[in-house]
Amino acid sequence: MSTPKQVIEMAKKSGAKMVDVKFVDTFGTWQHFTIPIAELAEDSFSDGLGFDGSSIRGWKSIEASDMLAMPDPASAFIDPFMAEPTLSLTCTIAETGTKEAYIRDPRGIAQRGEKYLQSTGIADTAVFGPEAEFFIFDDVRFDSKSNGTFYSIDGEEAIWNSGRDEMPNLGYKIRHKEGYFPVGPADTQQDIRTEMCLVMEKLGITVERQHHEVATAGQAEIDFRFDTLVKTADNMMLYKYIIKNVAKKHGKTATFMPKPLFGDNGSGMHTHQSLWKKNKPLFAGNEYAGLSNLALHYIGGILKHAKALCALCSPTTNSYKRCQSLSVLHGAADGRPGRCAEQDRPGRTDRQEHVRIAARRNRQGATDLRQSARGAGPFRKGPRVPVEGRRVHGRLSGNVDQPQTQGSRRHPAASAPL
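Peer 1: Give me the lowdown on the pattern of salt bridges, citing residues and values where you can.
Peer 2: The full count for this structure, using the stated rule, is 18 salt bridges. A salt bridge links Lys 17 to Glu 84; the nearest nitrogen and oxygen atoms lie 3.2 Å apart. One end of the pair, Lys 17, is in the loop between α1 (4-13) and β1 (18-24); the other, Glu 84, is in the loop between β5 (77-78) and β6 (86-95), and 67 residues separate them in sequence. A relative accessible area of 41% places Glu 84 in the partly exposed class. A salt bridge links Asp 139 to Arg 141; the shortest N-O distance between them is 3.0 Å. A network of salt bridges, in which partner residues are shared, links Asp 154, Arg 164, Glu 166 and Lys 173.

Shown next as structure tokens:
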């Protein structure tokens, strides 16, 4: 859909009775409110839809709580999870009266980031391709009260259920770190992942592949096609929405929590990044590891802003239980496959549009930022780093002064009993 008129016509043809208005809060949660279809008109897209923003975390105080949700007609789809036909619209948030973009709205920040990048003349497009990992569990219980606390996670294929009386227990349990990626009957979630993929395709997300991930108890990954900054961020919110609701439909629960299991792999979100100008990729070149000078500065910018990015990409203590060393940087800068606590992705093509930080020898390609799955930061910071970044030179070693975070073994918080 590209115009308000086309959206309204599509809603009528689909028999939509309601309109679900969605937006992202500062913490990355998709929020929504719903109006009858009769309340939606063509001028709603330019005038906005009013709501009270005082209860959205970190936004407005109650005396200045009036806000506007500005629907994007290109985001329209019929929500497959509603009992009644419902049109879904993703919105950017604006101030009432002036209609200026709200400064704490992540979608608005991303839009301004795209405009800023274009204004620099460095590139006209920032392209992002996330690879998000997640778990699909059968049971999750937790409590914290005055006399005790606990959490308990369970999954049909989990190795700790090898001795459970399942009348009968067929023994197809995936051992720790052996989930990548045996066929069924060990892989019990092939069909549910396929259903997730088909819903994504139906709603306009181009899926590239799906598979079981390394950990036991139902770790998974579904990859979708890269796109521009705002479009990819919109797709990621829809992606998570689909995964969680399809899982719930089957009596399961999906989580993007970085490290839900002790002693097995956590979930990350590798984010491939590249800059383009006039449909030409700018990260391929003749500098170190087949990168361009711009790509080396881009990497330097990510390292320069690493601590700030951690506040957005990895905001919880659980985030730092996942990546346990800087080996990904050591290996990548040495032209060898970089490794984190999780598996790196082998090169799939040899084309210029696939330059990554974790570069291989004789490869050309995109940069790759690794983070825990809650990350939204690189979608915001990316356009800044070519301008503010320092050029990365040669091999990174343990003697180089590298940014230290809680994910580094040399940082005291890495071994703290959180």
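Peer 1: Account for the pairing of strand β7 (residues 125-137), with residues named and values stated.
Peer 2: For β7, the buried fraction is high: 12 of the 13 residues fall into the buried class. Note: β7 against strand β14 (residues 269-277), 8 bridges, orientation antiparallel. Across the sheet, Glu 131 pairs through a bridge with His 270, a residue of β14. In the sheet, β7 pairs with strand β11 (residues 219-224) via 3 bridges, with the strands oriented antiparallel. Bridging from a neighbouring strand, Phe 135 pairs with Gln 219 of β11. Of the strand pairs in this sheet, β7 and strand β13 (residues 253-255) are connected by 3 bridges, and their pairing is antiparallel. Across the sheet, residue Ile 136 finds its bridge partner in β13, namely Ala 254.

Calculation criteria
Residues numbered from 1 in each chain as written. Predicted model: local features only at pLDDT ≥ 70, side-chain atom pairs only at ≥ 80, totals over all residues. Heavy atoms only, no water. Salt bridge = Lys/Arg side-chain N within 4 Å of Asp/Glu carboxyl O. Helix = DSSP H or I, 4+ residues; strand = E, 2+ residues; numbered from the N terminus. Buried < 20%, exposed > 50% of the residue type's maximum accessible area, 1.4 Å probe, protein only. Pairing = 2+ DSSP bridges.

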